[in-house]
Amino acid sequence: MPKTAVKPVTEQAIVQPLHSPAQLHFRTLRLDTPFQPRIDAAMKTNDWYDWGGYRAPASLWDEELEYFAIRSQAALFDISPMTKYRIEGPDAESFLNRLTLRDVTKLKTGRVHYTAWCDDEGFVLDDGTLFRLAPNRFRLCCQERHLPWLLDSAIGFDVTVTEETEVVAALALQGPTSFAILREAGFEGVERLKVFDLAEFAHEDGSVTISRTGFTGDLGYELFVETRLALSLWDRLWQAGELRGIRAIGYTALNRARLEAGLIVANADFVTAEHAIRADRVRMPDEIGLGFMVDLEKGHFNGRRAIAEARAKGRLRHVLVGLEIEGNIPAEHAIVYHRKKKEVGLVSAAIWSPMAKRNIALASLERPYGDSITDDLWVEIYAMRELKYERLMKRAKVVQRPFIKLDRRTASPPAEF
Amino acid sequence: MTSFDAIVIGGGHNGLTAAATLAKSGRKVLVLEAASEIGGAARTEEFAPGFRAAPAHLLNRLHPEVVKTLELERHGLALGPIAPSVALSRDDKPLTLHGAYGESLSGASASEAAAWQELRAQLLRYAGILKPLLARRPPELGNMSLMETSAFAMTGLSLRRLGKEDMRDFLRMLLMNVSDVADEHLDDDRLKGLLAFDATLGSHLGPRSPTSLLGLYYRLAGEFGRQPGAQALPAGGMGAVVAAILRAAKAAGVSIRADAPVARILAEKGRAAGVALDSGEEIRARTVVSAINPHSTFLDLVGTREIDTGFVRRIKNIRMKGDAAKLHLALDRPPEFSGVDAAGHRGRLVIAPSSDHVERAFNPAKYGEFSPEPVMEITLPSLSDPTLAPDGACVLSAVVQYAPYALKEGWEAGKPKFLAAIMARLELYAPGIGRLVRHAELLTPADLEARYRMPGGHWHHGELQADQMMMSRPAFGAAGYDTPVEGLFLCGAGSHPGGGVSGVPGLNAARRIIEMRG
């Protein structure tokens, strides 16, 4: 058969998804993670929330103190519900290069980068972290589920994509004493990990992948392990951390830390393209502060044409900014005004930052506001005070993200504390 | 080495039409054909010593704009006389539609003939509304130019001109099935069978499938000799039509290379840059025009690396599994179909005894089996053009349905059985024909796929149904001939309006390229 002869339709490859336990989700409305016995034991507040179908702690004992565990001790946070894909094969690199915005050829084995991916129209489907575990093996971690999109993106590539959310347990260990705990736990060589490095370490009869990554802007690590070794890993860390102030934490505390670090959350700070119902809610990378990822020089990738055209024609209508707001009342979901009159955007997340000692927020504004016009911006805060809204009009200033910068996050070798 | 402004992949009639039109605009154009002969499915080939035929055997939609733009008459296009359609019957005499799709009938009762005239006029009137839409580039939703908007408005206006009652009926019937429409007006099974056959020819539909009337509108939107619905057997076979287009292309300065299969379309940063041949040779050009199948174009030649996932999904979902087989018989002498006169034998003979019969023939195709009593349209091209067969001998050319591309038992086992089923049908209408057969060539959709590089063996290169027409043909994002890959254009039957020897996709694509300064 000549090379270009038409392949019969019946012989064309169909990418088969592996059967996923998630398909039986309706039998258990909220799943337990592999760490559930330990989390249940630590749970004092019974403050749960739903993270991608899992029963996850919003707080465990005291959200204030949990936050301070991140900043002054070490916080252990169960990230098993995070969506995880294993991407493997000779074309894994070129598949990911076509899928995502950044240049994957520049991501070396043993490294991690933060990236995002778009649909044909250039609207962001999700952001996430890409781990290069081996030259031809990657792990993609993100907020939402994308298996159909990944499988269809694999057409024409020699690559397999496997959903591994259920089979890989993961923990984030974040905070100044996190390195000391890992060393204490006997992970030899962990001091060599620089920010965004990853390496494999022995654990029981298996291994654990540790990366120097996190969602707090602090010194911290993320650990991935097969589910059967999950509890023994937790115990190993817990034991090693006893004298280093290790604490289990929930999402509320983590959310404060990530906001101080200026990090965005899909479907909280922007609406992902597959979830948006209203046509104007979708966002291009440049509209949510991810424009730096877009590499127009690397060759084709999903959404390239649409993004290049939107840039050329000035069709980027929104901008995501960090705001510093006067006073100390968090401006969560407050409307942003120009000259106190014209509505120009919305705050998607806001807190009083204990580290920055400032009232901070992330907001999505309509250009040119937040872009070329940054003066005279105001937020309208409705503070409920004993069944009465106190309406406050507070001045907001566009500031650089991250809101805090900690030298210990990047120090190499990491400090002991 | 000569450099080219545009490379056209595929030397079928649409590729040649696009190439000739582009060359006339002053561009240097190269046509690359994978086979050793130009013409695609319209090329005439010898299938037995001294016997020649082409898969496409009737001319019923070659567009007058194409004839005019390429000056095909000056380049030797000889249009034969209008051919009648004969609806064969076993219980009755055949019924003949004379002139342009039955301007008059013979063999029908006076009341049936009167009812037919009314229905025919109505069908042609409604097909006439759709005709401009099936000739122009489809409108771009949300991004219509003033020209497009006004052209669209003209369609609205022509609808209004129908009058209230007619407009209501047009809209009522638009997505109906052909069987119900025929039943509303007609009694004669032969006539209803013919309409059922024509509406479903070349598609995976039975006459009772919703929207099957659209297929008949598509057929009637075609014309021959300025007469809507008319058909002819081209003198010299379909090959002569291709030859005229080829001469026009050459006269305009088009370079043509046969035996030059393209392995890849070169894309650089989202832009087409040329092609690489199977031989490894690379030819660069500013514009690449693909006259081949859209699925092959994007998934095989461009490759999924250069296009977006959503677009790949849409291309992959194009339905294109053919149901039509092609039969060529080399006969010792012309066969005699019972009750058909000499003029009838020079026309189109249809075996589709009733609408029910066509529907029953379709049923097994839904489940991957061929029709045990297939329906077919037959021509005897050598009667009009003796050069197609040795002296005294005859070529029979027939399009036969339903022969599903993905036959459950496989075509290797199924083909002899299907041929026997066809011959059994032919024997009923032309007794003794079996003894005249010197050689039989049956091309199943699997054969058509391999020989003519038509995925699914589908001559429209994609089902021609409501969801794959207009701005959805071949798929959203490539419906206007330009594609997501800058500098790459489509110009084949897989594009709007669809298949058949019309030249419209080729002409429209070339005009789009000229408009975009490609």
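On a predicted model such as this, the values are computed, not experimentally measured, just so you know. (Residues numbered from 1 in each chain as written. Chains lettered and ligands numbered in written order. Predicted model: local features only at pLDDT ≥ 70, side-chain atom pairs only at ≥ 80, totals over all residues. Heavy atoms only, no water.)

Examining the packing of aromatic side chains
The way to describe two aromatic rings as a pair is by their centre distance and the angle between their planes.
Residues and elements named next belong to chain A.
So, point 1. Tallied over the entire structure, the rule returns 17 aromatic pairs over all chains.
So, point 2. Judged by centre distance (5.5 Å) and plane angle (35 degrees), the ring pair of Tyr 49 and Tyr 251 falls under tilted. Of this pair, Tyr 49 sits in strand β1 (residues 47-51) while Tyr 251 sits in helix α7 (residues 251-260); the two residues are 202 residues apart in sequence, bridging distant segments of the chain.
So, point 3. Plain terms: the ring middles of Trp 234 and Trp 238 are 5.8 Å apart, the flat faces sit at 15 degrees to each other, and that makes the pair stacked. (Phe/Tyr/Trp six-rings, centres within 6.5 Å; stacked < 30°, edge-to-face > 60°. Helix = DSSP H or I, 4+ residues; strand = E, 2+ residues; numbered from the N terminus.)

Re the sheet that holds strand β16 (residues 342-353) of chain A
All names here are of chain A.
So, point 1. If you trace the 6 strands once around the closed barrel, you get β14-β17-β16-β15-β18-β19, paired in antiparallel fashion. Mean inter-strand twist for the sheet, computed between neighbouring axes without regard to direction, equals 40 degrees.
So, point 2. By the bridge criterion, 4 bridges tie strand β15 (residues 335-338) to strand β18 (residues 377-384) in an arrangement that is antiparallel. Counterpart to His 338 in the pairing with β18 is Leu 377.
So, point 3. Where α7 meets the sheet, its contacts fall on β16 and β17 (358-366), and the angle it forms with β16 comes to roughly 120 degrees. (Pairing = 2+ DSSP bridges. Axes fitted to C-alpha atoms, helices over the stretch in contact; angles between N-to-C directions. Contact = heavy atoms within 4.5 Å.)

Brief notes about empty space enclosed by the protein
All names here are of chain B.
So, point 1. Counted under the stated rule, the structure contains 5 cavities of 30 Å³ or more.
So, point 2. Taken as a whole, the largest cavity spans an internal volume of roughly 110 Å³.
So, point 3. If you trace the largest cavity, you find 13 residues lining it, with Arg 61, His 63, Ala 221, Gly 222 and Val 504 closest to the centre.
So, point 4. For the lining of the largest cavity, a count of residues per class yields 7 nonpolar, 3 polar and 3 charged.
So, point 5. Its volume calculated, the second largest cavity comes out at about 90 Å³.
So, point 6. Forming the walls of the second largest cavity are 13 residues, and the residues nearest its centre are Ala 54, His 57, Gly 237, Met 238 and Pro 381. (1 Å grid on protein atoms, 1.4 Å probe; cavity = no way out; pocket = protein on both sides within 12 Å on 5 of 7 lines; lining within 4 Å. Points joined across faces, edges and corners; volume = space filled by probe spheres on them. Nonpolar A, V, L, I, M, F, W, Y, C, P; charged D, E, K, R; others polar.)

Focus on the environment of Lys 108 of chain A
So, point 1. Examined against the element boundaries, Lys 108 of chain A turns out to sit in the loop between α3 (92-99) and β5 (112-118).
So, point 2. Residue class for Lys 108 of chain A comes out exposed when judged on its relative accessible area of 61%. (Buried < 20%, exposed > 50% of the residue type's maximum accessible area, 1.4 Å probe, protein only.)

Focus on the interface of chain A and chain B
So, point 1. Counting residues at the interface gives 30 residues for chain A and 30 residues for chain B.
So, point 2. Across the chain A to chain B interface the summed buried area is about 2,500 Å²; carbon plus sulfur atoms make up 48%.
So, point 3. Inspection of the chain A/chain B interface yields 3 salt bridges.
So, point 4. Between Asp 152 of chain A and Arg 313 of chain B there is a salt bridge, with the nearest N and O atoms lying 2.5 Å from each other.
So, point 5. Inspection of the chain A/chain B interface yields 15 residue pairs in polar contact (both at pLDDT 80 or more).
So, point 6. When contributions to the side of chain A that touches chain B are tallied by element, the ones reaching two or more residues are α3, α4 (147-153) and α8 (304-312) of chain A.
So, point 7. Tallying contributions element by element places α4 of chain A first for the side of chain A that touches chain B, with 4 residues. (Buried area = accessible area lost by both parts, 1.4 Å probe. Salt bridge = Lys/Arg side-chain N within 4 Å of Asp/Glu carboxyl O. Polar contact = N/O pair within 3.5 Å; in protein donor to acceptor, adjacent residues only side chain to side chain.)

With respect to the packing of helix α3 (residues 110-130) of chain B against helix α8 (residues 213-220) of chain B
All names here are of chain B.
So, point 1. One way to put it is that α3 packs onto α8 with a least axis distance of 9 Å and a crossing angle of 80 degrees. Taken together, the axis directions place α3 and α8 in an arrangement best described as roughly perpendicular. Contact with α3, carried on its side by Leu 123, Leu 124, Tyr 126, Ala 127 and Leu 130, involves Leu 213, Leu 216, Tyr 217 and Leu 220 of α8 and no other residues of that element.
So, point 2. For the contact of α3 with α8, the class distribution of residues is 9 nonpolar, no polar and no charged. (Parallel < 35°, antiparallel > 145°, perpendicular 65-115°, else oblique.)

Quick notes on the domain arrangement of chain A
Residue and element names in this part refer to chain A.
So, point 1. The domain architecture assigned to chain A consists of domain 1 (21-82 + 167-260) and domain 2 (317-399).
So, point 2. Centre-to-centre, using C-alpha coordinates, domain 1 lies 32 Å away from domain 2.
So, point 3. The interface is formed by 7 residues belonging to domain 1 together with 9 residues belonging to domain 2.
So, point 4. Counting each side, the surface lost to burial between domain 1 and domain 2 is near 660 Å², with a carbon and sulfur contribution of 79%.
So, point 5. Of all residues in domain 1, the largest losses of buried area upon contact with domain 2 belong to Arg 256, Leu 259 and Glu 260, amounting jointly to 66% of the total for that side.
So, point 6. Counting across the domain 1 and domain 2 interface gives 0 salt bridges.
So, point 7. Run the count over domain 1 and domain 2 and you get 2 residue pairs in polar contact (both at pLDDT 80 or more).
So, point 8. Of all the elements in the fold, those that place two or more residues in the side of domain 1 that touches domain 2 are α2 (63-72) and α7.
So, point 9. Looking at which element gives the most residues to the side of domain 1 that touches domain 2, the answer is α7, with 4 residues.
So, point 10. Residue classes in the side of domain 1 that touches domain 2 are distributed as 3 nonpolar, no polar and 4 charged. (Domains from an automatic or database assignment.)

Looking at the sheet that holds strand β4 (residues 83-88) of chain A
Residues and elements named next belong to chain A.
So, point 1. What the 5 strands build is an open sheet, ordered β5-β6-β7-β4-β8; its pairing is antiparallel. Sheet topology places β5 and β8 (160-163) at the edges, where each strand pairs with a single neighbour. With strand direction ignored, the average angle separating the axes of adjacent strands in the sheet is 30 degrees.
So, point 2. Looking at chain direction, β5 and strand β6 (residues 124-134) are connected through 7 bridges and run antiparallel. Bridging across to β6, Val 112 finds its partner in Phe 131.

Let's talk about the side chain of Thr 177 of chain A
So, point 1. With respect to the secondary-structure elements, Thr 177 of chain A resides in the loop between β9 (168-174) and α5 (178-184).
So, point 2. Take Thr 177 of chain A: its relative accessible area is 8%, and that puts it in the buried class.

Notes on the UniProt feature "domain: Aminomethyltransferase C-terminal" (unreviewed entry) in chain A
So, point 1. According to UniProt, the feature "domain: Aminomethyltransferase C-terminal" (unreviewed entry) maps to residues 320-405 of chain A in the numbering used here.
So, point 2. Spanning residues 320-405 of chain A, this segment combines 0% helix with 58% strand, and its end C-alpha atoms are found 19 Å apart. (UniProt positions renumbered as here; feature names shortened; annotations may be inferred.)

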